[in-house]
Amino acid sequence: MATSAELIRSMAAGDREAFAHFYDRYASLVYPLILRIVRERADAADVLQEVFWETWQTADAYDAARGTPEAWIVMRARTRAIDRVRSIRRKRETFVMPLDEVTARVTPDSAGDSAERAEDRGVILGALARLPEAQREVIELAYYGGLSQTEIADSIKQPLGTVKTRIRSGLERLRTLIKRPTGLAGWDR
Amino acid sequence: MTHDESFDALAAVYAVGALDGEDRLRFEAHLGEGCATCETALRESGETLAALAREAPRAIPPAHVKEALLRRIAESTAPTPRARPAPSRLRWLAGAAAAVIVVSALTAGYVSARYEARLGQMAREAAAVRERLRQDQASLNEQLALYRDVVDLLRDPASRIVSLQGQGPAPQAAARVVWNDRTGGHIFVNNLEPAPSGKAYELWTIGEGAPRPAGLVAIQPSGTGSQRIAPVPGSTSVKVFAMTLEPAEGSPDPTGPMVLASK
């Protein structure tokens, strides 16, 4: 089986079949992330299409030295999903969503009983859930809520320096908590 | 700018997409100079966050997305220069050189590409603000010139202020003229309906002889208007100011109803 990096190289050379494989390999990984951020299924499908269209168009710019294909597409998916949320917010002419709304979006306690919410909880119950609450909160507000450090400081009423420190400590702890499943590692090399 | 500890926190905040303001400018400048420590930190954070996504249960996306993508790709330009003929040695060298350039350009452009869209939007907003400022400034300059002119007039002991009262069809209207027989003056009107279409308000100065036309005065929807009045050539002294409703192009002699007059 071709590695993902090989697939991307083939995509850069115009290989549509490689793209189809690449899509099959990662669409089910990034779709839940996009859905979690944008919430609406129709929006999530749009963003998903946009993200993979970009991978097709920019495959020749992929640089393995910067990260694995997985990190490449996850970062793109997160960025585009946040862009979508912000543009929806702008269309509603409220430039910044009320902070408690964002907080509610990323707080597991607000989740209902649907299967979808249970999936969300699945994420929370993973590595993130093992972070101290203060660190988990700032990372979720930033990564899933799209808030900037200043907005987070306003939202949780803490000094900016505290927000930075919590994000840094949280990320460091996440890094040690997460161990890559060996079965998947081969795909990314 | 060499790496110091403060950049570790900035790199973490940048990795979760939350760096803003001065911090972002500072960090991106630092990255632009090529900091291996920060590049490693960003790469590791990227992998960590990707692993977070991998922890979540997978979900099958709607099938139409893949179909749409494959259709879009098939419709987009046929695989253009990508399917190249076998390159000669020279072309291979040129290609390799180009690749080196592309890679370094990518490194340098990494940061800018990531925020390209946002920068574009900011540029558009900035242009809009500049245009608004330009218009505001033009209108302020106009007002300033008017005020300066009036202040100069008022400094002159020969100037006087004349009140005009509303007449017949406009009893609530009022106006003041700051007047100097030698240099002319200004009229300020309040509480007057704008002239109906096809009509205009015309000002008259009355001295010894017949009323002389002193210009048309535009009235805004707010009911106010102001106008510079030229001095009356060779005249002794203006005794009365009056305003009438006339045809839009004005009239050499008053013909319409009088709306304002001084005593």
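Parameters at a glance
- Residues numbered from 1 in each chain as written.
- Chains lettered and ligands numbered in written order.
- Predicted model: local features only at pLDDT ≥ 70, side-chain atom pairs only at ≥ 80, totals over all residues.
- Heavy atoms only, no water.
- Helix = DSSP H or I, 4+ residues; strand = E, 2+ residues; numbered from the N terminus.
- Buried < 20%, exposed > 50% of the residue type's maximum accessible area, 1.4 Å probe, protein only.
- Contact = heavy atoms within 4.5 Å.
- Areas by Shrake-Rupley, 256 points an atom, 1.4 Å probe, with all protein chains shown as cover.
- Buried area = accessible area lost by both parts, 1.4 Å probe.
- Salt bridge = Lys/Arg side-chain N within 4 Å of Asp/Glu carboxyl O.
- Polar contact = N/O pair within 3.5 Å; in protein donor to acceptor, adjacent residues only side chain to side chain.
- Axes fitted to C-alpha atoms, helices over the stretch in contact; angles between N-to-C directions.
- Left-handed = near helix turned anticlockwise from the far one by under 90°.
- Nonpolar A, V, L, I, M, F, W, Y, C, P; charged D, E, K, R; others polar.
- Pairing = 2+ DSSP bridges.
- Phe/Tyr/Trp six-rings, centres within 6.5 Å; stacked < 30°, edge-to-face > 60°.
- pLDDT = per-residue confidence, 0-100.
- Disulfide = S-S within 2.5 Å.
- Core = buried A, V, L, I, M, F, W, Y, C linked by side-chain atoms within 4.5 Å.

Undergrad: Describe the overall build of chain A, listing the residues and the values that go with them.
TA: Helix and strand counts for chain A stand at ten helices and zero strands. The linear arrangement of helices and strands in chain A, starting from the amino end, is α-α-α-α-α-α-α-α-α-α. For chain A, buried positions account for 52% of its 189 residues. A fraction of 63% describes how many contacts in chain A between residues 6 or more apart in sequence connect residues 24 or more apart. When the accessible surface of chain A is split by element, carbon and sulfur atoms take 51% of a total near 8500 Å².

Undergrad: Run through the interface of chain B and chain A, naming residues and quoting values.
TA: The interface is formed by 52 residues belonging to chain B together with 58 residues belonging to chain A. Buried area between chain B and chain A, summed over both chains or domains, comes out near 5300 Å², and the portion from carbon and sulfur atoms is 61%. Counting every contact that joins chain B to chain A gives five salt bridges. Lysine 164 of chain A serves as the salt-bridge partner of aspartate 23 of chain B, at 2.7 Å between the closest nitrogen and oxygen. Where chain B touches chain A, the interface holds 18 residue pairs in polar contact (both at pLDDT 80 or more).

Undergrad: Help me get a handle on the packing of helix H9 (residues 160-177) of chain A against helix H3 (residues 36-55) of chain B, residues and values and all.
TA: The N-to-C vectors of H9 of chain A and H3 of chain B enclose an angle of 65 degrees; their axes lie 10 Å apart at closest approach. For the pair H9 of chain A and H3 of chain B, the sense of crossing is left-handed. Where H9 of chain A approaches H3 of chain B, its residues Leu171, Leu174 and Arg175 of chain A are matched on the opposing element by Ala41, Glu44, Ser45, Thr48, Leu49 and Leu52 of chain B. A breakdown of the residues in the contact of H9 of chain A with H3 of chain B according to their chemical character gives five nonpolar, two polar and two charged.

Undergrad: Got a sec to walk through the pairing of strand E2 (residues 174-180) of chain B? Specific residues and values, please.
TA: Residues and elements named next belong to chain B. Burial analysis of E2 places five of its seven residues in the buried class, which makes it a mostly covered element. Two strands pair when backbone bridges link them, and strand E1 (residues 160-166) and E2 are joined in this way by six bridges, in the antiparallel orientation. Paired with serine 163 across the bridge in E2 is arginine 176. Of the strand pairs in this sheet, E2 and strand E3 (residues 184-190) are connected by seven bridges, and their pairing is antiparallel. Bridging from a neighbouring strand, alanine 175 pairs with valine 189 of E3. The turn linking E2 back onto E3 is made up of three residues.

Undergrad: Explain the sheet that holds strand E7 (residues 240-247) of chain B to me, using residue names and the numbers behind them.
TA: Residues and elements named next belong to chain B. The strand order across the open sheet built from eight strands is E5-E4-E7-E8-E1-E2-E3-E6, with neighbouring strands paired in antiparallel fashion. Every other strand in the sheet has two partners, leaving strand E5 (212-217) and strand E6 (225-229) as the edge strands with one partner each. For this sheet, the mean inter-axis angle between neighbouring strands, taken without regard to orientation, is 20 degrees.

Undergrad: Please give an account of the packing of aromatic side chains that cites residues and values.
TA: To describe a pair of aromatic rings, you give the distance between the ring centres and the angle between the ring planes. Residues and elements named next belong to chain A. A full pass over the atoms with the stated rule returns ten aromatic pairs over all chains. Consider the rings of phenylalanine 19 and phenylalanine 52, whose centres lie 6.4 Å apart with planes at 80 degrees: the pair is edge-to-face. Of this pair, phenylalanine 19 sits in helix H2 (residues 16-38) while phenylalanine 52 is found in helix H3 (residues 41-57), placing the two residues 33 residues apart along the sequence. Each member of the pair, phenylalanine 19 as well as phenylalanine 52, is classed as buried. Grouping aromatic residues by their ring pairs yields a cluster made of Phe19, Phe22, Tyr23, Tyr26, Phe52, Trp56, Tyr62 and Trp72.

Undergrad: An account of the environment of leucine 260 of chain B is needed here, citing residue identities and associated values.
TA: Looking at where leucine 260 of chain B falls in the secondary structure, it is placed in strand E8 (residues 258-262). With 59 residues separating them in the primary sequence, leucine 260 of chain B and tyrosine 201 of chain B have C-alpha atoms 9.8 Å apart.

Undergrad: How would you sum up the confidence of the model for chain B? Please name residues and give values.
TA: Residues and elements named next belong to chain B. Model confidence for chain B is summarised by a mean pLDDT of 84, while 83% of its residues fall at 70 or above. The least confident element of chain B, judged by mean pLDDT, is helix H5 (residues 89-114) at 61; the most confident is helix H1 (residues 6-15) at 94. This prediction of the complex comes with two scores: 0.54 for pTM and 0.81 for ipTM.

Undergrad: Account for the state of the cysteines, with residues named and values stated.
TA: All names here are of chain B. A complete count under the given rule lists zero disulfides over all chains for this structure. In this structure cysteine 35 is a free cysteine whose sulfur lies 3.8 Å from that of cysteine 38, the closest cysteine sulfur available. Given the relative accessible area of 7%, cysteine 35 is considered buried.

Undergrad: Any details on the nonpolar core? Residues and values, ideally.
TA: Counting residues in hydrophobic clusters, the biggest one holds 78 residues, and the most contacted among them are Phe22, Ile34 and Phe52 of chain A together with Phe27 of chain B. Among the elements that make up this core, the one with the highest residue count is H2 of chain A (14 residues). When near neighbours in sequence (up to four residues on either side) are disregarded, phenylalanine 52 of chain A contacts Phe19, Phe22, Tyr23, Tyr26, Ala27, Val30 and Ile73 of chain A together with Leu69 of chain B. Val162, Leu192, Val232 and Leu245 of chain B belong to the second-largest nonpolar core, a separate cluster that totals 23 residues.

Undergrad: Describe unusual backbone geometry, naming the residues involved and giving the relevant values.
TA: Despite not being glycine, lysine 157 of chain A shows a phi value in the positive range, around 55 degrees. Summarising the element assignment, lysine 157 of chain A is placed in the loop between helix H8 (149-156) and H9. Taking the relative accessible area as the measure of exposure, lysine 157 of chain A reaches 68% and is therefore exposed. A positive phi angle, close to 55 degrees, is found at asparagine 191 of chain B, a residue other than glycine. Note on placement: asparagine 191 of chain B falls in the loop between E3 and strand E4 (199-206).

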